[in-house]
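In case you want the letters, here they are:
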Amino acid sequence: MIRLLLDYKWVMLWAVVVIVLCCMPGQSFNKIPSYPGMDKLVHAGMFFVFCTLIYNGVLIQFKGRPTRWVPILIVSILGILFGLLTEALQLYIFTYRSGDWWDLFADSVGIGMSGFAYLLFYVKRK
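As the structure is a prediction and not an experimental result, all values here were calculated from the model. Residue positions are counted from 1 within each chain, in the order its sequence is given. With the structure being a predicted model, the display of local features is reserved for residues of pLDDT at least 70 and the display and counting of side-chain atom pairs for 80 or more, all residues being used for whole-chain, interface and lining totals. Side-chain descriptors were evaluated using all non-hydrogen atoms of the structure, hydrogens and water having been removed beforehand.

If you had to explain the packing of helix α3 (residues 38-61) against helix α5 (residues 101-122) to someone new, which residues and values would you point to?
Under this scheme, a helix contributes an axis fitted over its contacting stretch, all axes are lines through C-alpha atoms, and angles between N-to-C directions fall in the 0 to 180 degree range. Each helix corresponds to a stretch of at least 4 residues labelled H or I by DSSP, and each strand to a stretch of at least 2 residues labelled E; elements are numbered beginning at the N terminus. It is the contact of α3 with α5, at a shortest axis distance of 7 Å, that shows an interaxial angle of 40°. The pairing of α3 with α5 is recorded here as oblique in orientation. Crossing of α3 against α5: the hand is right-handed. Touching Asp39, Lys40, His43, Ala44, Phe47, Phe48, Cys51, Thr52, Tyr55, Val58 and Leu59 of α3 are Trp102, Asp103, Ala106, Asp107, Gly110, Ile111, Met113, Ser114, Gly115, Ala117, Tyr118 and Tyr122, all from α5. Under the scheme applied, nonpolar residues are Ala, Val, Leu, Ile, Met, Phe, Trp, Tyr, Cys and Pro; charged residues are Asp, Glu, Lys and Arg; polar residues are all the others, including Gly. When grouped by side-chain class, the residues that make up the contact of α3 with α5 number 14 nonpolar, five polar and four charged. The scheme is simple: roughly parallel for angles under 35 degrees, roughly antiparallel for over 145, roughly perpendicular for 65 to 115, oblique for anything else. Should the near helix be turned anticlockwise from the far one by less than a right angle, the crossing is termed left-handed; should it be turned clockwise, right-handed. We call two residues in contact when some of their heavy atoms are within 4.5 Å.

Structure representation (structure tokens):
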């Protein structure tokens, strides 16, 4: 059990960072230069890193010999659930933030990009 937690330690750390960032007031980011759509790019990037770290844990856990579709299915479901959690937190708990379906869509794009990178670089072709 401890070994399993150690394999995914970076995922857990990144999840805490994402939750902290999603729970900060929007005014905290006013000093950062912005452009239209940057919020969606940040969401996609955060979830790309989140799922890539999960895939890294999968590679460590299976000693570099992962299967093809099972990790993609599980990581995609975990990513979507985590995206729903962050949007629900923003919508219902931290009312100074807003939950948005387009943010969840951007999260899904990051999840898909990570799954594509996993297939491209780590899964052996037959």
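I'd like a rundown of the packing of α3 against helix α4 (residues 70-93), residues and numbers included.
At a minimum axis distance of 10 Å, the contact between α3 and α4 shows a crossing angle of 140°. Relative to α4, the element α3 is oriented oblique. Considering how the two elements wind past one another, α3 and α4 form a crossing that is right-handed. Along the contact surface, α3 presents His43, Phe47, Phe50, Cys51, Ile54, Tyr55 and Val58, while α4 presents Pro71, Ile72, Val75, Leu78, Gly79, Phe82, Gly83, Thr86 and Glu87. Among the residues making up the contact of α3 with α4, the classes are represented as eleven nonpolar, four polar and one charged.

Mind laying out a nonpolar patch on the surface, listing which residues take part and the relevant values?
A cluster of nonpolar residues, Val70, Leu73, Ile74, Ile77, Leu78, Ile80, Leu81, Leu84 and Trp101, forms a patch on the protein surface that exposes about 900 Å² of accessible area. Among the elements that take part in the nonpolar patch, α4 stands out by supplying eight residues, more than any other. To count toward a patch, a residue needs a relative accessible area above 30% and no salt bridge. Like charges then connect within 9 Å, nonpolar side chains (Val, Leu, Ile, Met, Phe, Trp, Tyr) within 5 Å. All accessible-area figures derive from a Shrake-Rupley calculation using a 1.4 Å probe, and residue coverage is judged against the displayed protein chains alone. Definition used for salt bridges: Asp or Glu carboxyl oxygen within 4 Å of a side-chain nitrogen of Lys or Arg.

I'd like a rundown of the packing of aromatic side chains, residues and numbers included.
Think of it this way: a Phe, Tyr or Trp ring, Trp meaning its six-membered ring, pairs with another when their centres are within 6.5 Å, and the plane angle makes it stacked under 30 degrees, edge-to-face over 60, tilted otherwise. As enumerated under the stated definition, the model contains five aromatic pairs in all. Considering the side-chain rings of phenylalanine 47 and phenylalanine 50, the 6.1 Å spacing of their centres and the 65° angle between planes classify their relative orientation as edge-to-face. One end of the pair is phenylalanine 47 and the other is phenylalanine 50, both in helix α3 and three residues apart, which spans about a single turn. Comparing phenylalanine 47 with phenylalanine 50, the two get one shared label, buried. Summarising the aromatic geometry, the rings of phenylalanine 47 and phenylalanine 82 are spaced 5.7 Å apart at their centres and angled 50° between planes, so their arrangement reads as tilted. With a gap of 35 residues between them, phenylalanine 47 in helix α3 and phenylalanine 82 in helix α4 connect regions that are remote in the sequence. For the pair shown, phenylalanine 47 and phenylalanine 82 are each scored as buried. Every member of this aromatic cluster is reached through a ring pair, and the members are Phe47, Phe50 and Phe82. Three exposure classes are used, based on accessible area relative to the maximum for each residue type with a 1.4 Å probe and protein chains only: buried under 20%, partly exposed in between, and exposed over 50%.

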